[in-house]
Amino acid sequence: MILLSANFSTSIKAQYAPPAGQPGSTAIHADSNIFIDWAFECIVERGLANISDPSLGQVSFGFEEQGTAKADNGVVSLGDGGIATLNFSVPLSDGDGWDFAVFENSFSDDFLELAFVEISSNGVDYYRFNAISETQQEVQIETYGVMDTRKVHNLAGKYSVLYGTPFDLFEMKDETGLDVTNIISIRVIDVVGCIDPEYATYDSDGIIINDPWPTAFEPGGFDLDAVGVIHNQNNTSVNEIVKNANCIIFPNPVTDFFKIKSTEKISNVVITDISGKSMLEFVNPVNNYFDAQLLPVGIYIVDLVSESGLYTVKLIKR
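Residues numbered from 1 in each chain as written. Predicted model: local features only at pLDDT ≥ 70, side-chain atom pairs only at ≥ 80, totals over all residues. Heavy atoms only, no water.

1. Focus: the overall build of the protein
The condition that has to hold: Under the DSSP-based scheme used, a helix requires at least four consecutive residues in state H or I and a strand at least two consecutive residues in state E, with every element numbered from the N terminus. Here the globule rule reads 2.2 Å times residues to the power 0.38, and the radius of gyration is calculated from C-alpha atoms. Residue burial is assigned from relative accessible area. The probe radius is 1.4 Å, only protein chains are included, and a residue is buried under 20% of its type maximum, exposed over 50%, and partly exposed in between. Note on contacts: a residue pair qualifies if any of its non-hydrogen atoms lie within 4.5 Å across the two residues. Each accessible area value is a Shrake-Rupley result obtained with a 1.4 Å probe; residue values ignore everything except the protein chains displayed when judging cover. A residue counts as positive if it is Lys or Arg and as negative if it is Asp or Glu; His and the chain ends are not included. Working definition for charges: the position is that of NZ of Lys, CZ of Arg, CG of Asp or CD of Glu.
Looking only at helices and strands, one finds 0 helices and 21 strands in the protein. Taking 318 residues into account, the globule formula puts the C-alpha radius of gyration at 20 Å, and the protein, at 20 Å, falls close to it. Referenced to the eigenvectors of the C-alpha coordinate spread, the extents of the protein come out at roughly 70 × 40 × 35 Å. Taking all 318 residues of the protein together, the buried fraction comes to 55%. Contacts spanning at least 24 positions in sequence make up 72% of the contacts within the protein whose residues lie at least 6 apart. Carbon and sulfur atoms make up 52% of the accessible area of the protein, which amounts to about 13500 Å² in all. A gap of 11 Å separates the mean positions of the 17 positive and 44 negative side-chain charges of the protein.

2. Some words on the sheet that holds strand β16 (residues 257-262)
Note the threshold: Should DSSP find at least two bridges between two strands, the strands are taken to pair. A fitted line through C-alpha atoms serves as each axis, taken over the contacting stretch for helices, and the angle formed by two N-to-C directions is quoted from 0 to 180°.
Reading across from one edge, β15-β16-β19 is the order of the 3 strands in this open sheet, with antiparallel pairing throughout. On the outer flanks of this sheet lie β15 (247-250) and β19 (289-291), each paired with one strand and no other. Mean inter-strand twist for the sheet, computed between neighbouring axes without regard to direction, equals 25 degrees. By the bridge criterion, 3 bridges tie β16 to β19 in an arrangement that is antiparallel. The residue of β19 that forms the bridge with Lys259 is Tyr289.

3. Structural notes on the side chain of Ser121
Stated precisely, the cut-off is as follows: Definition of a polar contact: a pair of N or O atoms within 3.5 Å, with one able to donate and the other able to accept a hydrogen when the atoms are protein atoms, and with sequence-neighbouring residues admitted only if both atoms are side-chain atoms.
The topology assignment puts Ser121 in the loop between β7 (115-120) and β8 (127-128). Looking at Ser121, its side chain comes within polar contact range of the main-chain nitrogen of Asp179, at 3.1 Å. Ser121 has contacts with Gly177, Leu178, Asp179, Asn182, Ile183 and Ile184, leaving out every residue within four places of it along the chain.

That's the geometry; what it means functionally is another story.
Written as structure tokens, this is what we have:
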């Protein structure tokens, strides 16, 4: 997996993951088999349509239910500084690689409405992911202005519609009072995007975050589509198998070659990346021994066709 540290000096302009579909992107499509669950409850505290003009009132587009279940481009809008609290049927838990992803509905790769992401293991105390913005702070990005996704990290809304921005609970393991094996709630908080210090929101380095503003219309601010779960307390192992097939991939993570141990004959193996793109395919493999050297570093989905059906395993390439 590609780990992008959030501890860069602000004097060095970093280049973070690019848009969905480009090499090195961390975007995960909603159809990916990597997701095992979705939020079942969404509670929204609406923000203003324009924080600098309260007379316009709060945004009202969408319903709270549209922040639940699988991402489908049905959204609930948060408005300036609005908050969505998502709850889950099974607590999330830190596994290998990404643990969940947040979906927005941007219509392009460079019109980005951003949000902070916070997590809680008790439903009271929330801890924010180390959000980074390298976007310039001198000129306000206008209402329909564009920005470079490679200049933001650990901010939801980084990717276009139906592509989730992933988060790794491991980054938060040292937070006192937080149990990354028992995350019961996630908060998504709209980044206002205004560069006027009176209304601005700031990244983890104290830098103003600049994104399209004002968005003084009903679907204003961050538009929450869904939060998809990759690891929870029912599934934290890299060798977790959907439907409990009697198969194990080892070594996992892999650097060059891996083997599949199975009590059943395997007739076909397809490896896809987290965006759903097919990377490798093996038909009637011999000795269940596979070469992964051509795979870039990252997380992959391995679909295996055996005598009793189709099964899915997660593979990490390092």
